[in-house]
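Listed below, chain by chain, are the residues.
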Amino acid sequence: MSSIKIKYCIDNLNSAPFESGWDIEGGLSITQNDLTLTKIIDDPNDDGFRGDFVFFNLEEWLHSVPKLFFGERCEVELIDSQEIFLFAPKDDFTYFKYFIGGMGSVFDVGTGKSIRIEEINKRYPNHENGTPIKTEELVLEIIRVSELFIESLGPKIEDKSDVINFKQALHDAREAYELYLSRNTQN
């Protein structure tokens, strides 16, 4: 059984149906061996969910899947934010890192003070080199949560072109995984 779990939350589920994917507000979290990699270590009130437009963030994760199998580093930036999900493949692993990009300081609502971005990033468990996750397990989990997401929310989205694009990204991710499996069984 995989030690990686990806979850999503929808903050405005009660407002469905949604006109488009842009209307779905929520976040994504990644947990490995009961450690939430997207959660601030020393904040018991942090639920670990990151993002705002979960539909498009998850779709970008799906677009990353074929790239991961070819060893291509992928950065998925949150919309209108400096926050980044980083997937950096190396050998059979992908190093996952959630961080805030840039330099300088930001206002921390929790403390009411300015805090350096470098200090904020140190509060995440993967702040230095990222957390190694078996690429195959990560990809399977991205596909699993994407299937669950689109099955449950797809019917509630009125703009079917968004749903079609998401399903195409899901199809491409599955196809990349199948190609990866066939290449590895031949070697």
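The shown structure was predicted, so the numbers you read here are calculated from the model rather than taken from an experiment. (Residues numbered from 1 in each chain as written. Predicted model: local features only at pLDDT ≥ 70, side-chain atom pairs only at ≥ 80, totals over all residues. Heavy atoms only, no water.)

A. Looking closely at the overall build of the protein. Across its full length, the protein carries four helices and nine strands. Beginning at the N terminus, the succession of helices and strands in the protein can be written as β-β-β-α-β-β-β-β-β-α-β-α-α. When the backbone C-alpha atoms are referred to their principal axes, the protein occupies close to 55 × 45 × 30 Å. Across the 187 residues of the protein, 45% fall into the buried class. Contacts in the protein between residues far apart in sequence, at least 24 positions, make up 59% of those at least 6 positions apart. A total accessible area of about 10,200 Å² is found for the protein, and carbon and sulfur atoms account for 49% of it. (Helix = DSSP H or I, 4+ residues; strand = E, 2+ residues; numbered from the N terminus. Buried < 20%, exposed > 50% of the residue type's maximum accessible area, 1.4 Å probe, protein only. Contact = heavy atoms within 4.5 Å. Areas by Shrake-Rupley, 256 points an atom, 1.4 Å probe, with all protein chains shown as cover.)

B. Layout of the sheet that holds strand S3 (residues 35-36). The three strands are arranged S1-S2-S3 in an open sheet whose pairing can be described as antiparallel. In the strand order of this sheet, the two ends are held by strand S1 (4-10) and S3, each with one partner. As paired strands, S1 and strand S2 (residues 26-32) are joined by seven bridges and run antiparallel to one another. Bridge pairing links Ile4 to Gln32 in S2. In this fold helix H1 (residues 54-69) packs onto S1 and S2, with an angle of close to 45° to the strand it touches most, S2. (Pairing = 2+ DSSP bridges. Axes fitted to C-alpha atoms, helices over the stretch in contact; angles between N-to-C directions.)

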